[in-house]
Amino acid sequence: MTETLMNAADRWRPLAELLQALLERIAGELPGWLGAGLTVSRGELPLRVLAAVGAGEQVLPAQLAHGGPAPVAHATGEPVVTDRLFGDERWPALTRETVFDGGPAVAAIRGAVALPGFWDEDGAFVLSVTLDRPPGTETLDVLRRYAKLTEMTLVVAETATAGDPDQMLDLLASRAAIEQAKGAIMAVRRCSPEEAWQTLRRASQEFNVKVRELAVALVEHLGGRLPASPDGLREIRPGAPAHHAAEQLWSAFTSVSP
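What comes next concerns the included structure. Bear in mind that the values here come from a model prediction, so they are computed numbers and not experimental data.

Some remarks on the pattern of salt bridges
- Per the stated rule, a full pass over the model turns up 5 salt bridges.
- The shortest N-O distance in the salt bridge between R145 and E29 comes to 2.3 Å. One end of the pair, R145, is in helix 6 (residues 137–162); the other, E29, is in the loop between helix 2 (13–28) and strand 1 (33–42), and 116 residues separate them in sequence.
- For R145, a relative accessible area of 51% translates into the label exposed.
- The exposure class assigned to E29 is partly exposed, which follows from its relative accessible area of 34%.
- Notably, a salt bridge pairs E179 with K182, separated by 3.4 Å at the nearest N-O pair. With a gap of 3 residues between them, E179 and K182 both fall in helix 7 (residues 165–189), about one helical turn apart.
- Each of K148, E179 and K182 takes part in a single network of salt bridges with overlapping partners.

What follows is the structure in structure tokens.
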């Protein structure tokens, strides 16, 4: 994440209002919600709170300092669900006492859920909520429904604040290619979107190729031609290393049972 986006919510009122509305809409679909938040990072930069509502304003900074669902989801690339936010052995340092000025809402917290996502190959985010009850299956479903909107909001926010329309088009082209590759991986591995994304990222690191080039090469390997780019977006043309990585990745998928 660029420093531009890091500070965008403070400097750009429309973004702050949009993120606030997004989190409030998520909260409105979850009975027993007490707080919600969005944390973001790029590359090796640490997570940072970009927006929060309700108890999320106090709980998320405490999680970044002492551990919790949001940093664990960011580190593992997998959703994190807990019936006890305070007292979970995965983050023993997070207690009600470590939350500054928590108030009644923090005192009422029981469960929490954190869902990781990304808006390009280096930009990651975590959507998280806290509840006055153990989370049900619908909690993660709601977060997943809003993950796509969050991705596109961050793409628009980063490129708009940077003032670079070409960067926005490149990011949109990358997103289209990655979504196609994720779909193929999910189909053959019968896995979640989060696992498909982590598979692409690990392979890109192992073979030292960009995620977007690996994604295009993988779709091309399966279909015998370059995937169609949405109208108006630049075509991504992967090089030989990406093609080799795609072939090796797909061979690994198809030679081992899911």
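Overview of the sheet that holds strand 4 (residues 112–118)
- Pairing is antiparallel in the open sheet, where 5 strands are placed in the order 2-1-5-4-3. Each having just a single partner strand, strand 2 (48–54) and strand 3 (80–82) make up the two edges of the open sheet. With direction set aside, neighbouring strand axes in the sheet form an average angle of 10°.
- As paired strands, strand 4 and strand 5 (residues 123–131) are joined by 7 bridges and run antiparallel to one another. Residue pairing across strands places G117 opposite F125, the latter belonging to strand 5.
- In the packing of helix 3 (residues 56–66) onto the sheet, contacts are made with strand 1, strand 2 and strand 5, and the angle to strand 2 comes to roughly 145°.

Comments concerning the nonpolar core
- Ranked by internal contacts, the top residues of the largest apolar core, which has 27 residues, are I26, L38, F125 and L127.
- Here this core gets 8 residues from one element, more than from any other, and that element is helix 6.
- Those residues within four positions of L127 in sequence are excluded, and the remaining contacts are L23, I26, G37, L38, V113, A114, L115, L143, Y146, A147 and T150.
- By size, the runner-up hydrophobic cluster in this structure holds 26 residues, among which are W197, V209, L218 and A246.

Calculation criteria
Residues numbered from 1 in each chain as written. Predicted model: local features only at pLDDT ≥ 70, side-chain atom pairs only at ≥ 80, totals over all residues. Heavy atoms only, no water. Salt bridge = Lys/Arg side-chain N within 4 Å of Asp/Glu carboxyl O. Helix = DSSP H or I, 4+ residues; strand = E, 2+ residues; numbered from the N terminus. Buried < 20%, exposed > 50% of the residue type's maximum accessible area, 1.4 Å probe, protein only. Pairing = 2+ DSSP bridges. Axes fitted to C-alpha atoms, helices over the stretch in contact; angles between N-to-C directions. Contact = heavy atoms within 4.5 Å. Core = buried A, V, L, I, M, F, W, Y, C linked by side-chain atoms within 4.5 Å.

That is the geometry; function is a separate question.
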